[in-house]
Structure formats: C-alpha cells, structure tokens
Amino acid sequence: MPLFIYFLWWWGMYSSKNWFGRQLQKYRKNPRRMRRKALRFIADDYLTKTGWIDSFRSHQAFDGEGAPIPWVTYSAVHFLETRVRSGLKVFEYGSGNSTLWWVKHNAEVVSCEHDPEWYQHIHNRLPSTVSYHLYELKVGHRKPYAEAITQYKSEFQVVVIDGEDRVECGRNCVEALTDDGVIIWDNTNWEIYKPGLDFLTDQGFRRLDFYGLGPVMTAPSLTTIFYRSENCLNI
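Below is a summary of the structure that appears in this document. Predicted model only: the values in this text are computed from it and were never measured. All chains use their own residue numbering, which begins from 1 and follows the written sequence. Predicted model: local features are reported for residues with pLDDT of at least 70 only, side-chain atom pairs are reported and counted for 80 or more only, and whole-chain, interface and lining totals are derived from all residues. Hydrogen atoms and water are omitted, and side-chain values are computed over all heavy atoms in the structure.

Focus: the pattern of salt bridges
At step 1: Salt bridges are defined by distance alone: a side-chain nitrogen of Lys or Arg within 4 Å of a carboxyl oxygen of Asp or Glu. Taken as a whole, this structure holds eight salt bridges when the rule is applied.
At step 2: Where Lys194 meets Asp198, a salt bridge forms, and the shortest distance between an N and an O atom there is 2.7 Å. Here Lys194 and its partner Asp198 are both found in helix α10 (residues 194-202), four residues apart, which amounts to about one turn of the helix.
At step 3: Using a 1.4 Å probe on the protein chains alone, a residue whose accessible area is under 20% of its type maximum counts as buried, one over 50% counts as exposed, and one in between counts as partly exposed. Accessibility expressed as a relative area gives 32% for Asp198, which makes it partly exposed.
At step 4: A salt bridge links Arg207 to Asp209; its shortest N-O distance comes to 3.0 Å.
At step 5: Taking the relative accessible area as the measure of exposure, Asp209 reaches 38% and is therefore partly exposed.
At step 6: One connected set of salt bridges, linked through shared partners, spans Lys89, Glu108 and Glu155. Each helix is a run of DSSP H or I of at least 4 residues and each strand a run of E of at least 2, with the numbering of both proceeding from the N terminus.

Concerning the packing of helix α9 (residues 166-173) against α10
At step 1: Two elements in contact, α9 and α10, have axes separated by 8 Å at closest approach and are oriented at 15°. In terms of axis orientation, α9 runs roughly parallel to α10. In terms of crossing hand, the pair formed by α9 and α10 is left-handed. Here Val167, Gly170 and Arg171 of α9 come into contact with α10, specifically with Pro195, Gly196, Phe199 and Leu200.
At step 2: Three residue categories are used. Nonpolar comprises Ala, Val, Leu, Ile, Met, Phe, Trp, Tyr, Cys and Pro, charged comprises Asp, Glu, Lys and Arg, and polar comprises the others, including Gly. Its residues assigned to classes, the contact of α9 with α10 shows four nonpolar, two polar and one charged. To define axes, lines are fitted to C-alpha atoms, for helices over the stretch in contact only, and angles between the resulting N-to-C directions are given on a 0 to 180 degree scale. Relative orientations are named as follows: roughly parallel for angles under 35 degrees, roughly antiparallel for angles over 145 degrees, roughly perpendicular for angles from 65 to 115 degrees, and oblique for any other angle. Crossings are classed by handedness, with left-handed meaning an anticlockwise turn of the near helix from the far one by less than a right angle and right-handed meaning a clockwise turn. Residue contacts are counted whenever heavy atoms from the two residues lie within 4.5 Å of one another.

Structural notes on the packing of aromatic side chains
At step 1: Between the rings of Phe, Tyr and Trp (Trp by its six-membered ring), a pair exists once the centres lie within 6.5 Å; its type follows the angle of the planes, with under 30 degrees stacked, over 60 edge-to-face, and the other angles tilted. The full count for this structure, using the stated rule, is twelve aromatic pairs.
At step 2: Relative to Tyr145, the ring of Tyr93 has its centre 5.4 Å away and its plane inclined at 50°; by these criteria the two rings are tilted. One end of the pair, Tyr93, is in strand β1 (residues 89-93); the other, Tyr145, is in helix α8 (residues 143-146), with 52 residues separating them in the sequence.
At step 3: Residue classification places Tyr93 among the buried positions, given a relative accessible area of 0%.
At step 4: Residue Tyr145 is classed as buried on the basis of its relative accessible area, which comes to 1%.
At step 5: Feature note: the residues Phe91, Tyr93, Tyr145, Tyr152 and Phe156 constitute an aromatic cluster, connected by ring pairs.
At step 6: One cation-aromatic arrangement involves Arg166 over Trp190; the distance from NZ or CZ to the ring centre is 5.8 Å. Comment: the charge-over-ring label is applied if NZ (Lys) or CZ (Arg) is within 6 Å of the ring centre and within 35 degrees of the ring normal.

Thoughts on the side chain of Glu113
At step 1: Summarising the element assignment, Glu113 is placed in strand β2 (residues 108-113).
At step 2: Working convention for charge: Lys and Arg count positive, Asp and Glu count negative, and His plus the chain ends are omitted. Despite being buried, Glu113 has no salt bridge partner; Arg166 is the closest side chain of opposite charge, sitting 10 Å away.
At step 3: Polar contact is the term for a pair of N or O atoms within 3.5 Å; when the atoms are in protein, one must be able to donate a hydrogen and the other to accept it, and sequence-neighboring residues count only if both atoms are side-chain atoms. Engagement of the side chain of Glu113 in a polar contact is seen with the side chain of His114, the distance being 3.5 Å.
At step 4: Beyond its immediate stretch of four places on either side in the chain, Glu113 contacts Gly94, Ser95, Trp118, Tyr119, Tyr132, His133, Leu134, Tyr135 and Tyr145.

Spelled out as structure tokens, the structure:
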C-alpha cells in the first residue's frame, strides 16, 4: 500500500475530528446504509448530467444543458453524436425534439406526424427548411401515414422509426434508403415490433442495439440501428 494511502486510512480510522474519519466510522457502523447513500449520490449525479430529471418533469427529451435530443436511449444518442455528419438527408416517422436535434446537425429533414395537436406545437418551432407533414390516423384510413415514404426512391441516408404503425413503416422504408442508408428504430424490445425487425434482418440488415435509460423513461428500453456493410455512420 503506498505510504500516502496508508496514512489516509490510518488518519480516518483513528480520528473522529475530520470529515474523512467520520465517514469511515459511519461506514463501519452501518455499511449497508452508507452504500445506499453513495449509490443515490451517483444516480442523482447521472440523472442530472444526462438531463433526465428535467426531461421527466417536462415530459420532453432534453440533454443536461437543456438542448433538445431524440427520445431514444442515452447510449444511442451518445453514439449518434459521435457519428452523424453534417448534411444527411433524414426521414422521420414521429416528430418532436428529435427533429430539432437533426436540424441542429444540419440535416435535411422530412418528418411525418399523426397527432394534430402535437403537429401544431412542433410546427411553430421548426425552421422552414423542414418538410413537415401531418397524416392523421383514422379508422380505415391508416395507410397514408406508413406509406408516406414510398414516394421516395434511394433518397434518405437515415430513416427514423419512432411513431405509429412501426412494422409497416419498417417494411415500406427500405427502397427509400440510399445504398449507405441506416434505420434507427426505437423500442425494439417490444414484442409487437418483431415482424418488422425480422423483415429488416431478412433484407440483409445487421443490427446494433443500445440498451438503457432514456429521457422521461422510468424503465430501460432498446434502440436499434439497422445498417449494411457500407453505411453513413461508419459502423
């Protein structure tokens, strides 16, 4: 044991007149309680730095500095921050703070929304460069939303699936991707999406999973990036 560390240990063990010593004595008396306090401190620090606490209170996705981020797992956001390059063309199923995040990264965005109230709320915050479309989901009239992307051929480097009818959106989006295009699909741990996930695998896509906590969430989730050998994220 290095001499300095030994001195700290000795000083803490035999002195109750310093903070370090008092904490050691408390730990010796009730180690389980002190471990719980340490874990709470670490958790609170993590939740504050990631922006989770403010996101949970506002029910919107923000980072630790209050900037909008996609409502996906934090590990996926971190990965995308390190890989997304300026000027990508992006198609979104599901709009919100993710749209603003892509705009901040100088992406050309086409976004589809199904909720009229949310559409109006977000529309007022978007720059005119975003092509923003409302497709209301009505009984017997759901196809236009999932098929919105079929008018495009080999045009988008990124397709985000985080809205409604995700299985159909996944089936419809492949031909709209460029050769280096990727698909970002949120909540892939939900069993209901398995047919769509299997479809992409059958189409030759590989998958990269990001499991963990995300904005607003109180339970871990899974965000998956589907990609091929040549891809815009250099996976």
